Amino acid sequence: MLKLMAAALLAEGTTTITNCPQILDVPLMGDVLRSVGCEVEIDGDTARITTPSELSHRADSAAMGKLRASVCVLGPLVGRLKRAVVALPGGDAIGSRPLDMHQNGLRKLGATSTIEHGCVVAQADGLHGAQIWLDFPSVGATENILMAAVLAAGTTVIDNAAREPEIADICTMLTEMGAKIEGAGTSTLTVHGVDALQPTEHRVIGDRIVGATWAFAAAMTRGDLTVRGVNPHHLDLVLDKLRLAGAEITTFDDKGFRVVQDDRPKSVDFVTLPYPGFATDLQPFAVALSAVSDGTSMITENVYEARFRFIEEMVRLSADARTDGHHAVVRGVEQLSSAPVWASDIRAGAGLVLAGLCADGTTEVWDVFHIDRGYPHFVENLNRLGATIERVAGEPDRA
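These remarks concern the structure in this document. Nothing here was measured: the structure is a model prediction, and the numbers come from that model.

## Observations regarding the sheet that holds strand β4 (residues 58–59)
Here is step 1 of the chain: An order of β4-β5-β7-β6 is seen for the four strands of this open sheet, with the pairing classed as mixed. The sheet is open, and its two edges are formed by β4 and β6 (112–116), each paired on a single side.
Here is step 2 of the chain: Relative to strand β7 (residues 119–123), strand β5 (residues 83–87) runs antiparallel, the two sharing five bridges. The residue bridging Arg83 from the neighbouring strand is Gln123, located in β7.
Here is step 3 of the chain: Against the sheet, helix α3 (residues 74–81) contacts β4, β5 and β7, and its axis sits at roughly 160° relative to β5.
Here is step 4 of the chain: Across the face of the sheet, helix α4 (residues 100–108) comes into contact with β6 and β7 while running at roughly 145° to β6.

What follows is the structure, encoded as structure tokens:
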């Protein structure tokens, strides 16, 4: 969603994005766009972004330090203005996420790119098509290079591009705006540059990570839960893993799915990889599920080295888990034990709440503002599903 908002910078006029998740990161991204001169109106699940004919090339608002996705304005600004000064982003503490591939891609397109005074500084007399190979299928680098390339002269080929459904979605939106892109959803994107793009109206795809979170919630709590608005084919591997854990899965074409878990989950091994592999964003839920499963699970993290910080908090909840480099061994216990725990990022926060549902006593999860950045109405939805949970009044960072 946030990357689609950034794509609106590429066309003068009003772009409308519907089916927006009502999460904290959306208004934060709105602040980033306002900092370069856009008008942003967010009304429920609709965002309207009016991009002026003359944009500022400086994106250095305070909001930049609060979310990682803010760096995705780099590509559109360089593509349209041929220059950009973008503050280094903040966001989740899950490990090193350098911008080398973003910068190298822009250099291949004809721009200079350096880090100066806490900002990425890029400039070009003009952008031209190029053959670009990514050392790793980075979602952010793919998006930034793609959005710069759509207005570059000639043809750009991005090899080893990210294949996530969100990449295909941004390709769809850019095509609706007049871009010429081939290979969406594959590891090779071919972009034929055009002179200008036009604003559009686009509906965002359902959030597969949020959908998968609810799937894990059903499996962990031995519940029965139906998720609608998320394409289950975007979660094929996830749902297969839950089947191995003993869940009964029913899919509804591309509209949603149902997860029913009657008995204690069985242990399953997980390995995080770029899409279509198991998403690193779902690793905390894999750990939490394993913590209450029957048997021993091996979880291997291949994307972000600091994701295993989550396990330290799970141990507070009496999980039997040990880490060794990229690997974690989790021996399931019948029930966790309540404790105060701290959320270090969006997914860790949600994972700790789900783990708290499987613990005796009352679990306190602190710094839950992270959860608000990625999940709409999280507490309210859990209460509707039968959980006993509340956000404590007067303590905005505690739930």
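Picking up after the structure, the text goes on.
## Overview of the sheet that holds strand β13 (residues 224–228)
Here is step 1 of the chain: As summarised here, the arrangement of the three strands in space is β13-β15-β14, forming an open sheet in which the pairing is antiparallel. Every interior strand has two partners, whereas the edge strands, β13 and β14 (248–252), have only one. Taken over all neighbouring pairs, the strand axes of this sheet differ in orientation by 10° on average, direction set aside.
Here is step 2 of the chain: Of the strand pairs in this sheet, β13 and strand β15 (residues 256–260) are connected by five bridges, and their pairing is antiparallel. Bridging across to β15, Arg228 finds its partner in Gly256.
Here is step 3 of the chain: Contacting β13 and β15, helix α7 (residues 208–220) crosses the sheet at an angle of about 20° to β15.
Here is step 4 of the chain: The sheet strands contacting helix α8 (residues 236–244) are β14 and β15, and the helix crosses β14 at an angle near 150°.

## Concerning unusual backbone geometry
Here is step 1 of the chain: Note the cis peptide between Tyr275 and Pro276, where omega equals 15°.
Here is step 2 of the chain: Along the chain, the position of Pro276 falls in the loop between β16 (270–271) and α9 (283–291).
Here is step 3 of the chain: Here the phi dihedral of Ser318 falls at roughly 75°; this positive angle occurs in a residue that is not glycine.
Here is step 4 of the chain: Residue placement: Ser318 occurs in the loop between α10 (309–316) and β18 (320–324).

## A short note on the state of the cysteines
Here is step 1 of the chain: Scanning all chains against the criterion turns up zero disulfides.
Here is step 2 of the chain: Left without a disulfide partner, Cys72 is nearest to the cysteine sulfur of Cys38, which lies 12 Å away.
Here is step 3 of the chain: Looking at Cys72, the relative accessible area reads 3%, which means it is buried.
Here is step 4 of the chain: No disulfide involves Cys171; its nearest neighbouring cysteine sulfur is the one of Cys72, lying 14 Å away.

## Structural notes on the environment of Leu9
Here is step 1 of the chain: Within the fold, Leu9 resides in the loop between α1 (2–7) and β1 (13–18).
Here is step 2 of the chain: Accessibility expressed as a relative area gives 0% for Leu9, which makes it buried.
Here is step 3 of the chain: Spatially, the C-alpha atom of Leu9 lies 50 Å from that of Gln335, the residues being 326 residues apart in sequence.
Here is step 4 of the chain: When neighbours within four sequence positions are excluded, Leu9 is seen to be in contact with Leu33, Val36, Cys38, Thr51, Leu55, Val73, Pro76, Leu77 and Arg80.

## Quick look at the nonpolar core
The nonpolar side chains of a soluble globular protein tend to be buried with one another.
Here is step 1 of the chain: If you look at the biggest cluster of nonpolar residues, it comprises 77 residues, and the most contacted ones within it are Met29, Val73, Leu174 and Leu197.
Here is step 2 of the chain: The element that contributes the greatest number of residues to this core is helix α5 (residues 139–149), accounting for six residues.
Here is step 3 of the chain: In contact with Met29, not counting residues within four places along its chain, are Leu2, Met5, Ala6, Leu67, Ala69, Ser70, Cys72 and Val73.
Here is step 4 of the chain: Listed in part, the 65 residues of the second largest apolar core include Ala279, Phe285, Phe308 and Ala321.

## Looking at the side chain of Glu313
Here is step 1 of the chain: Mapped onto the secondary structure, Glu313 falls in helix α10.
Here is step 2 of the chain: Sequence-distant contacts of Glu313, that is, excluding residues within four places in its chain, are made with Val341, Trp342 and Leu352.

## Description of α8
Here is step 1 of the chain: Along α8, the positions that sit buried rather than exposed are Val238, Leu239, Lys241 and Leu242. One side of α8 holds all its buried residues, which, seen down the axis, span an arc of 155°.
Here is step 2 of the chain: Among the structural elements, α7, β14, β15, β16 and α9 are those in contact with the buried residues of α8.
Here is step 3 of the chain: After α8 finishes, the residue Gly246 shows a positive phi value of roughly 110°.

So, how was this worked out
Residues numbered from 1 in each chain as written. Predicted model: local features only at pLDDT ≥ 70, side-chain atom pairs only at ≥ 80, totals over all residues. Heavy atoms only, no water. Pairing = 2+ DSSP bridges. Helix = DSSP H or I, 4+ residues; strand = E, 2+ residues; numbered from the N terminus. Contact = heavy atoms within 4.5 Å. Axes fitted to C-alpha atoms, helices over the stretch in contact; angles between N-to-C directions. Disulfide = S-S within 2.5 Å. Buried < 20%, exposed > 50% of the residue type's maximum accessible area, 1.4 Å probe, protein only. Core = buried A, V, L, I, M, F, W, Y, C linked by side-chain atoms within 4.5 Å. Arc of directions from axis to C-beta.

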